[in-house]
Amino acid sequence: AQTVTQSQPEMSVQEAETVTLSCTYDTSESDYYLFWYKQPPSRQMILVIRQEAYKQQNATENRFSVNFQKAAKSFSLKISDSQLGDAAMYFCAYRSYIHGGATNKLIFGTGTLLAVQP
Amino acid sequence: DTGVSQDPRHKITKRGQNVTFRCDPISEHNRLYWYRQTLGQGPEFLTYFQNEAQLEKSRLLSDRFSAERPKGSFSTLEIQRTEQGDSAMYLCASSLDFGASNEKLFFGSGTQLSVL
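Here's a quick rundown of the structure. In this text, all values refer to a predicted model and were calculated from it rather than measured experimentally.

## Remarks on the state of the cysteines
Here's step 1: Taken as a whole and assessed by the stated rule, the structure comprises 2 disulfides over all chains.
Here's step 2: A sulfur-sulfur separation of 2.0 Å characterises the disulfide bridge that pairs C23 of chain A with C92 of chain A. Its S-S torsion of about -70 degrees marks the bond between C23 of chain A and C92 of chain A as left-handed, since a negative value means left-handed. Of this pair, C23 of chain A sits in the loop between β3 (19–21) and β4 (24–26) while C92 of chain A is found in strand β10 (residues 88–96), placing the two residues 69 residues apart along the sequence.
Here's step 3: Covalently, C23 of chain B is tied to C92 of chain B through a disulfide, its sulfur atoms 1.9 Å apart.

## Digging into the pairing of strand β8 (residues 64–69) of chain A
Residues and elements named next belong to chain A.
Here's step 1: Both strand β7 (residues 60–61) and β8 contribute to a ladder of 2 bridges, which runs antiparallel. Pairing of E61 across the sheet is with F64, part of β8.
Here's step 2: Between β7 and β8, which pair antiparallel and follow one another directly, the connecting turn spans 2 residues, one of which, N62, has a positive phi of 55 degrees.
Here's step 3: Examined bridge by bridge, β8 and strand β9 (residues 74–79) share 6 bridges and lie antiparallel to one another. Bridging from a neighbouring strand, N67 pairs with S76 of β9.
Here's step 4: Taking the residues that link successive antiparallel strands as the turn, the β8-β9 hairpin has 4 residues, and the phi of K73 there is positive, at about 55 degrees.

## Examining the pattern of salt bridges
When their charged atoms lie close together, side chains carrying opposite charge are able to pair.
Residues and elements named next belong to chain A.
Here's step 1: Under the criterion given, the structure shown has 8 salt bridges over all chains.
Here's step 2: Where E52 meets R50, a salt bridge forms, and the shortest distance between an N and an O atom there is 3.3 Å.
Here's step 3: On the basis of relative accessible area, R50 is assigned to the buried category, the value being 18%.
Here's step 4: A relative accessible area of 9% places E52 in the buried class.

## Notes on the packing of aromatic side chains
Here's step 1: The tally for this structure, following the rule as stated, stands at 14 aromatic pairs over all chains.
Here's step 2: With a centroid separation of 5.3 Å and 40 degrees between ring planes, the pair formed by F21 of chain B and Y90 of chain B is classed as tilted. Separated by 69 residues along the polypeptide, F21 of chain B in strand β3 (residues 19–24) and Y90 of chain B in strand β9 (residues 88–95) bring together distant segments of the chain. Accessibility assignment for this pair places F21 of chain B and Y90 of chain B in one class, buried.
Here's step 3: When the centroid spacing of 5.9 Å and the interplanar angle of 75 degrees are considered together, the rings of Y35 of chain B and F45 of chain B count as edge-to-face. Residue Y35 of chain B is located in strand β4 (residues 31–37), and its partner F45 of chain B is located in strand β5 (residues 44–50); the two are separated by 10 residues in the primary sequence. The pair Y35 of chain B / F45 of chain B is uniform in exposure class, with both members buried.
Here's step 4: Connected via pairs of aromatic rings, a cluster forms that spans F35, Y37, F91 and F108 of chain A together with Y35, F45 and F107 of chain B.
Here's step 5: Geometry around F74 of chain B places R22 of chain B over its ring, the cationic atom sitting 3.9 Å from the centre.

## Section: the sheet that holds strand β7 (residues 65–68) of chain B
Residue and element names in this part refer to chain B.
Here's step 1: Spatially, β1-β3-β8-β7 is the arrangement adopted by the 4 strands of the open sheet, whose pairing is antiparallel. Two strands bound the open sheet, and with one partner strand each, they are β1 (5–7) and β7. On average, each strand axis in the sheet is tilted by 15 degrees relative to the strand beside it, whichever way the strands run.
Here's step 2: In this sheet, β3 lies alongside β1 in antiparallel orientation, the contact comprising 3 bridges. Note that in β3 the partner of Q6 across the bridge is C23.

Thresholds, definitions, all that
- Residues numbered from 1 in each chain as written.
- Chains lettered and ligands numbered in written order.
- Predicted model: local features only at pLDDT ≥ 70, side-chain atom pairs only at ≥ 80, totals over all residues.
- Heavy atoms only, no water.
- Disulfide = S-S within 2.5 Å.
- Helix = DSSP H or I, 4+ residues; strand = E, 2+ residues; numbered from the N terminus.
- Pairing = 2+ DSSP bridges.
- Salt bridge = Lys/Arg side-chain N within 4 Å of Asp/Glu carboxyl O.
- Buried < 20%, exposed > 50% of the residue type's maximum accessible area, 1.4 Å probe, protein only.
- Phe/Tyr/Trp six-rings, centres within 6.5 Å; stacked < 30°, edge-to-face > 60°.
- Lys NZ or Arg CZ within 6 Å of the ring centre and 35° of its normal.
- Axes fitted to C-alpha atoms, helices over the stretch in contact; angles between N-to-C directions.

Keep in mind these values describe shape, not function.
In structure tokens:
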């Protein structure tokens, strides 16, 4: 079974600075997807960024980028120019590669609570 | 499009009572998911619908839990004879199945259940 581990329960960053959130995972599969989700106090999970395992290039979305190390099974999230609105719980998630329209079940880590200091 | 809507936002009940939650997905989405999130944990998959068909259920979904999605639109999650261990946030998500890898989940804001 696949597992996702986030070893940093809490992180803090100064506004405008850069912070990196860590995530490791365990799987025997070769094809899969990895995600970072943000959960603000409103509780609604919001997709931040996704990475396909078959792609060597690291995904980027504006101020958010990942460092995907497939051999090490590591998937960290870097937030540049941190803003007050980035404060939230961040979850790393894993999804097996889908064949023929099967389930889209996500396996989540335990989350990292990010505080942004003004 | 108002996104995924869940009702109620909060529910307090006494142990042994039955509760029902509702999820209204984004209107054209044919897939609907239920997840459960306990304090300090990430969401855990409970069950999934493709249109009105329930295609997968987690072993977390005991016999006291039942989910329906009549007519492939809204969904309900019922918990019978609630226990204190059922206290959690119940999240609903929906997506449009393109049959491809670009499927994106949209989550609701959840229903927070407290069992006293």
